[in-house]
Structure formats: C-alpha cells, structure tokens
Amino acid sequence: MKTVFALVDCNNFYASCEKLFRPDLKHTPVVVLSNNDGCVVARSKEAKALGLKMGVPLFQVQDEIRKHGIVCFSSNYALYADLSNRVMTIIEQEAPRVEVYSIDEAFMDLTGVDHVVDLLTFGKQVKAKVDQWTGITVGVGIAPTKTLAKLANNAAKKYPATGSVVDLMDPDRQKRLLALVDVSDVWGVGRRTTEKLRSRGIHTALDLANADPKTIRSEFSVVMERTVRELNGVSCLDLECVRPTKQQIICSRSFGHKVTDKQELREAIAKYTTRAAEKLRGEKRLCRVVSVFIRTSPFIPNEPQYAKTLSAELPNPTDDTRDLLDVADVMFHQLWRAGFRYMKAGVMLADFYEHGAFQQDLFRLDSTKINSKALMTVVDQINHSGLGNVFFASQGVSPQWTMKREHLSPAYTTKWSDLRDVY
DNA sequence: TCTGGGGTCCTAGGACCC
DNA sequence: TCTGGGGTCCTAGGACCC
C-alpha cells in the first residue's frame, strides 16, 4: 500500500504559548529568548514581519525591540512542554501511529486513510480540532514520505491560500513545488551540505531529486542518498512511534556572567551533575561514564581561551547522585585552571544500563550506597512535589551563576517548582 | 557588557586480532 | 631481498535536527 504521512507543526510555538495567556498581546510582536536571555529563539508572525531573524543575539536587536514595542519573554519550558502535551494528545487520538518528533511537531501515519476520507479534508479536521481545543494554530503537510511531508508543511505555512493544509500526494504537484524550493530548505540539508551541493550545480530541491542517488551516496553519505529517494516519493524513513531510549544525557549552561571563581564553578558542576542524575533516574537507567567540561567564550577572541573535557568510568553503573558528584568533583579539580573567565560548563552521562542487567566489578562486589534507592526516590519526590526543594551541599546555597531570566512569564498551567532553571 | 541547550547518526582512522 | 589482508571495535569529529 502507498505510504501516507502527515506532518503537523505548531506555528511560532513558543511565541504562541506566551500569547495564549496574554490576549492583550494578540496583535503585538512577541519574541521568546533562549536561556540567559541570549538569543531570539521564537518570533510571533508580527515579529517576523518586522524582519527579526531567528537566532540573533538579543543585544544586536535591542534598538529595534524598543522602536517597535516588541515584547520579550524568557523561555518558560515548563509552560511549552505542558501545552505541547495537550496538542500531542489530540493528534494521537486522530491516527493509530504517531511520532512526536519534537516539542512542536508530530508525524502521523495516514496510510489507508484516503480510502475513507479525502486527505485534505482530514488535515483540515485535525487542524480545526487542535485550534479549537488548545488555541494553538498548526500547519499540516501530507505526502508519501516524511521529507516531502516536511516540504508540504513549509508550503502550508508560506502560502496563506492553502489554509495551512497542503496535500502533496500528486507527483506533478511535488515536482512543481520542488522546483520552487531552495535546496537548503530540504530536511537534512544543512549549511555545509548546501555549499557542497551548490558547487555541483544543485540549487533547488528538484535538482537534488533528479540527482543520481549512487553518486550522492559516494560524494555525501547514505543519509543524503535517502533524502534523494524520499524527494522522489520513495519512503525510506518510517515513523519512530516509541521513543528510543536515550544514549546520553547532557546538562550544560552558559553562565549569566563570566565565572572566574573556582568555588562558583565547582558549585555549577555539582548542580548540573545533580540535574543530570535526576534525568537519569527519570529514564530508569544506570550510567557508567561521566564527562565534565568547562570552557571560556570563543566569542571573545582576544582573551586567553581554555576548553577541556574529562571522562571517567565508574566501577559499577549507578544512578546515585552522590556517586556521580564524587567523580565529577575529582574531574573538576583536574580540569580547573585559574586565570580564565569561564563562560560555560556541563556534565554528560553515558554508557547506560538497565537495573539488574550489568556485570558487577569483580573487586567491588557491592559499591551501592546503603539505602541509595530510597534516598534518591525521596529527594526526587520532594523536588517534584512543588512543596519544597532539597539539594546537596556541594551545589552551594545561593549561587551567583544562575541564568538570567528577566522576562519570565508566570506558571500559568504548571507548578512554580517546575520553573527551576531546568531543561 | 550581551552569542541556547540537548540530542542523533555517520564516517574515517587507529588499534587489535587472527 | 622478504613485511597480508580482512574483520571488528572504539573514538573523535563532523553534520544535522529542533
């Protein structure tokens, strides 16, 4: 049977979430900022119309923001995650197989649906339901492959006459759209690949679709070969309906100001380690490898630069915050060099195991701390309860290095405790 | 003064083994 | 007077995504 995919994508998602609770801003340009209020990461349609670019540093556009009365929000991921769940729940009710691809996008498997209902009509129904039940507007792209569904979705956003729903099942229609699309707008084609393709005379999505898959494979990779085939309507990428288990957990942040004090940086590492351990327990996994990195800012070229990562393997896999703090702290002391202004630090966990499914270290038969599970469970419960916060002394009591979030919206739908600078 | 965070997959090359 | 070749595993780095 011919495959049919739909991509449902929320419009200006973070900005739309903020506007939901601020009807007074309905027609006001709004932007959402990255952590530390560093960059613009989402723009309402009014902000886009003013020419604000995605990813620009806030300080570069301060004048425009003042001039046009653009309203800024610090990112509030607890709010966006909550609204995302509501949208995804609706989409999951509309199709038997759904892949939640990101916080604001989901692929639906519509194979066979066209025997029952016209695909365009179906797409419009999904859109109407999400709009009505959540207030979030979405675009829908329908096509025989995920890559074409992405392009159909882009077209739905770009051309208002489509009513935000595009059915791209027809091959002639595919060709006509592909001829209009720059190759850099194809899913999976990034900056470097765009340059390389252009140097070979491939400028539009149609040029890429007409390229020889074998040549593309040898000059690029098997990934790009799949893209070529997908552009020709041959489905190579299936839905991933069950979230694959994580291979690594990263917790890192840029600091609100440059850090030069050893103890301050040490506390930051402890905090990230603690957060990473919480995520690890959320995944119900144990980890064996811990990495720590610290770095200065590459954006200040005249300053002395330093960046280094260290990794360590634990004797036995663990999810106990105390074990991870111990090893991270040892590495931190090895990493630390005085005389630099540090911009960012992070902790990575890797090499995961399921509980009870690993080889014990022969010479340390049981290094598990007494009552580890009970203690960690209680710590997690208290921190998620919204009633309080317990933490390890090494994190410090009043950290100076926390994120800058000067434009944070309230906890409209979530608990205040979710607004900790996690995520 | 001020430039996000968290992930995945693929490839090339070295080490090592038989 | 001559120094294989193939397979596997691991790691670092690149590229991409949202």
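Predicted, not measured: the structure shown is a model, and the values here were computed from it. (Residues numbered from 1 in each chain as written. Chains lettered and ligands numbered in written order. Predicted model: local features only at pLDDT ≥ 70, side-chain atom pairs only at ≥ 80, totals over all residues. Heavy atoms only, no water.)

Q: How do you make sense of the overall build of chain A when you look at a structure like this?
A: When its secondary structure is counted, chain A shows 14 helices and 12 strands. Scaling as 2.2 N^0.38, a compact globule of 423 residues should have a C-alpha radius of gyration of about 22 Å, and chain A matches this with 24 Å. If one aligns the C-alpha atoms of chain A with their principal axes, the spans along those axes are about 65 × 60 × 45 Å. Residues counted as buried form 48% of the 423 residues belonging to chain A. (Helix = DSSP H or I, 4+ residues; strand = E, 2+ residues; numbered from the N terminus. Rg over C-alpha atoms; globule rule 2.2 N^0.38 Å. Buried < 20%, exposed > 50% of the residue type's maximum accessible area, 1.4 Å probe, protein only.)

Q: Help me understand the protein's contact with DNA strand C, please; the structure alone is not making it clear to me.
A: The environment of DNA strand C is formed by 13 residues, the closest being Ser102, Lys150, Gly188, Arg192 and Thr193. Each atom of DNA strand C within 4 Å of the protein was assigned to sugar, phosphate or base; sugar and phosphate come to 100%. Contact between DNA strand C and Gly190: a phosphate oxygen at 2.9 Å from a main-chain N or O atom of the residue. Looking at the surface near DNA strand C, the elements with two or more residues in it are strand E5 (98–102) and helix H8 (191–199). Top element by residues in the surface near DNA strand C is H8. It accounts for three residues. The residue inventory of the surface near DNA strand C, partitioned by class, reads four nonpolar, four polar and five charged. (Near = heavy atom within 4 Å. Polar contact = N/O pair within 3.5 Å; in protein donor to acceptor, adjacent residues only side chain to side chain. Nonpolar A, V, L, I, M, F, W, Y, C, P; charged D, E, K, R; others polar.)

Q: In this structure, what is going on with helix H11 (residues 222–231)? I would like to understand it.
A: An α-helical turn contains 3.6 residues, so any two residues separated by three or four positions project in the same direction. Burial in H11 covers these residues: Met224, Glu225, Thr227, Val228, Glu230 and Leu231. Buried residues belonging to H11 abut helix H6 (146–158), helix H7 (171–180), H8, helix H9 (205–209) and helix H10 (213–219). At the N-terminal boundary of H11, the capping side chain belongs to Ser221, with an oxygen 3.2 Å from the backbone nitrogen of Val223. Two residues or fewer past H11, Gly233 is found with a positive phi of approximately 85°. (Contact = heavy atoms within 4.5 Å.)

Q: Even after reading the chapter, I still don't get the sheet that holds strand E8 (residues 165–167), so can you show me in this structure?
A: Whenever strands of a sheet pair, they do so through backbone hydrogen bonds, lying parallel or antiparallel. Spatially, E5-E6-E1-E7-E8 is the arrangement adopted by the five strands of the open sheet, whose pairing is mixed. For this open sheet the edge positions go to E5 and E8, each flanked by a neighbour on one side alone. Adjacent strand axes in the sheet meet at a mean angle of 15°, parallel and antiparallel pairs treated alike. In terms of strand pairing, strand E7 (residues 138–143) meets E8 through three bridges, oriented parallel. In the strand pairing of E8, Gly141 is matched with Val166. (Pairing = 2+ DSSP bridges. Axes fitted to C-alpha atoms, helices over the stretch in contact; angles between N-to-C directions.)

Q: Any chance you could explain the UniProt feature "domain: UmuC" (unreviewed entry) in chain A here in plain terms?
A: Here the UniProt feature "domain: UmuC" (unreviewed entry) sits at residues 5–190. In the segment residues 5–190, helix accounts for 41% and strand for 20%; the C-alpha atoms at its two ends are 23 Å apart. (UniProt positions renumbered as here; feature names shortened; annotations may be inferred.)

Q: Explain the domain arrangement of chain A to me, please; I cannot follow it from the model alone.
A: When the parts of a complex come together, some accessible area is lost, and that lost area is often used as the size of the interface. According to the domain assignment, chain A contains domain 1 (5–10 + 87–231), domain 2 (13–79) and domain 3 (248–395). Here the C-alpha centre of domain 3 lies 39 Å away from the C-alpha centre of domain 1. (Domains from an automatic or database assignment.)

Q: What is the right way to read the packing of H6 against H11 from this model?
A: Two numbers describe a pair of packed helices, the interaxial angle and the distance between the axes. It is at 7 Å that the axes of H6 and H11 come closest, and there the two elements cross at 65°. Classified by the interaxial angle, the pair formed by H6 and H11 is roughly perpendicular. Contact residues: H6 offers Lys146, Thr147, Leu148 and Leu151, while H11 offers Thr227, Glu230 and Leu231. Here the residues of the contact of H6 with H11 are counted per class, giving three nonpolar, two polar and two charged. (Parallel < 35°, antiparallel > 145°, perpendicular 65-115°, else oblique.)

Q: Before we go on, may I ask you to explain the nonpolar core in this structure?
A: In summary, soluble globular proteins display a tendency toward joint burial of nonpolar side chains. Core analysis: the biggest nonpolar cluster contains 37 residues, and Phe13, Tyr80, Ile91, Met108 and Leu110 have the highest contact counts within it. Elements supplying a minimum of two residues to this core: strand E1 (5–10), helix H1 (13–20), strand E2 (30–33), helix H4 (77–94), strand E6 (105–109), helix H5 (119–134) and E7. Ranked by the residues each element gives to this core, the list is headed by H4, at eight residues. Both domain 1 (5–10 + 87–231) and domain 2 (13–79) contribute no fewer than three residues apiece to this core. (Core = buried A, V, L, I, M, F, W, Y, C linked by side-chain atoms within 4.5 Å.)

Q: Would you take a moment to explain the packing of helix H12 (residues 262–282) against helix H13 (residues 321–335) for this structure?
A: Relative orientation of the contacting elements H12 and H13 amounts to 145°, with a least axis distance of 9 Å. Judged by the sense of rotation from one axis to the other, the crossing of H12 with H13 is right-handed. Contact residues: Lys262, Leu265, Arg266, Ile269, Ala270, Thr273, Thr274, Ala277, Leu280 and Arg281 in H12; Thr321, Leu324, Leu325, Ala328, Asp329, Phe332 and His333 in H13. A per-class count over the contact of H12 with H13 returns nine nonpolar, four polar and four charged. (Left-handed = near helix turned anticlockwise from the far one by under 90°.)

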